[in-house]
Amino acid sequence: MTTTLRTSTPRLTTPRLTLRRWREDDVEPMAAVNADPEVMRWIGGGSVRDRAETAAGIAAWEREWEERGVGLFAVEDRESGRFVGFAGLSVPMFLPEILPAVEIGWRFGKDFWGRGLATEAARAVLDFALRDRGLARVVSVHTVGNDASEGVMRKLGMRVERRTTHPAHGVPLCVHVLEARS
């Protein structure tokens with residue numbers, strides 16, 4: 001995995017993926033991911049998002065890069081150039097009880113499930129968080145029942161920190177944590 005900083009614009013590469021900042025032409029494929037009920041089942045209240053909501057989300061993710069120095073990367077397949085989804089870091093404002101915190105997260109289109117790509121991307125993001133951004137602690141949150149995401153968290157070496165409930169949607173959540181060793 002390599003990290004390239006170009007005027008503080010990170011770009012990560014793994015054997016199979018490129019993680020980069022967002023472009024205008026990412027809105028349509030991300031909107032397709034967000035419109036899939038199976039993908040969105042475990043996100044928030046489980047509702048799909050339309051193109052306008054997706055575009056607003058991408059704009060917010062880009063603002064987070066500018067304001068906080070962390071954000072969600074657009075992810076593409078290195079071999080085909082196809083858009084995969086996102087992976088990256090964000091501040092989990094939706095869950096005030098765990099703040100201050102930085103969360104690692106991912107969302108991929110169904111075509112890319114079951115191949116270890118989420119784990120590959122998340123490992124690159126975790127390395128970026130700990131080494132490049134100097135974070136001592138990273139969390140990840142999943143809806144209880146989302147075994148695939150929980151599996152990625154365990155592969156990253158994260159441990160369960162607490163169980164709680166989503167304040168807006170009332171669904172049970174599990175918060176995992178990884179603390180850097182000094």
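All values reported here derive from a predicted model rather than from experimental measurement.

Rules used in this analysis
- Residues numbered from 1 in each chain as written.
- Predicted model: local features only at pLDDT ≥ 70, side-chain atom pairs only at ≥ 80, totals over all residues.
- Heavy atoms only, no water.
- Buried < 20%, exposed > 50% of the residue type's maximum accessible area, 1.4 Å probe, protein only.
- Helix = DSSP H or I, 4+ residues; strand = E, 2+ residues; numbered from the N terminus.
- Pairing = 2+ DSSP bridges.
- Phe/Tyr/Trp six-rings, centres within 6.5 Å; stacked < 30°, edge-to-face > 60°.
- Salt bridge = Lys/Arg side-chain N within 4 Å of Asp/Glu carboxyl O.

A. Local environment of the pairing of strand 9 (residues 172-179). Of all the eight residues making up strand 9, six are buried; the element is thus mostly covered by neighbouring parts of the structure. Judged from the seven bridges that link them, strand 7 (residues 137-143) and strand 9 form a sheet pairing that is antiparallel. Bridge pairing links Arg-137 to Glu-179 in strand 9. One ladder, built from six bridges, connects strand 8 (residues 159-165) with strand 9; its direction is antiparallel. Across the sheet, the residue bridging to Arg-163 is Cys-174, located in strand 9. In this antiparallel pair of consecutive strands, strand 8 and strand 9, the connection spans six residues, and Gly-170 shows a positive phi of 70 degrees.

B. Just the packing of aromatic side chains, in detail. Enumeration over the complete set of coordinates arrives at six aromatic pairs. Arranged with centres 5.2 Å apart and planes meeting at 45 degrees, the rings of Trp-22 and Trp-61 form a pair that is tilted. Taken as a pair, Trp-22 in the loop between strand 3 (17-20) and helix 1 (27-34) and Trp-61 in helix 3 (residues 51-68) lie far apart in primary sequence, 39 residues in all. Each member of the pair, Trp-22 as well as Trp-61, carries the same accessibility label: buried. One aromatic cluster is present, formed by Trp-22, Trp-61, Phe-83 and Phe-86 through successive ring pairs.

C. Up close: the pattern of salt bridges. Going through the model one piece at a time under the given rule, you end up with 18 salt bridges. We note a salt bridge from Glu-66 to Arg-21, for which the minimum N-O separation is 2.6 Å. Here Glu-66 is found in helix 3, whereas its partner Arg-21 is found in the loop between strand 3 and helix 1, with 45 residues between them in sequence. By relative accessible area, Glu-66 is classed as exposed at 60%. A relative accessible area of 14% means that Arg-21 is categorised as buried. Residue Arg-68 pairs with Glu-64 through a salt bridge whose shortest N-O separation is 3.3 Å. With Arg-68 and Glu-64 both in helix 3 and four residues apart, this pair spans about one turn of that helix. Each of Arg-20, Arg-23, Asp-25, Asp-26 and Glu-76 takes part in a single network of salt bridges with overlapping partners.

Read these as spatial facts, not as claims about activity.
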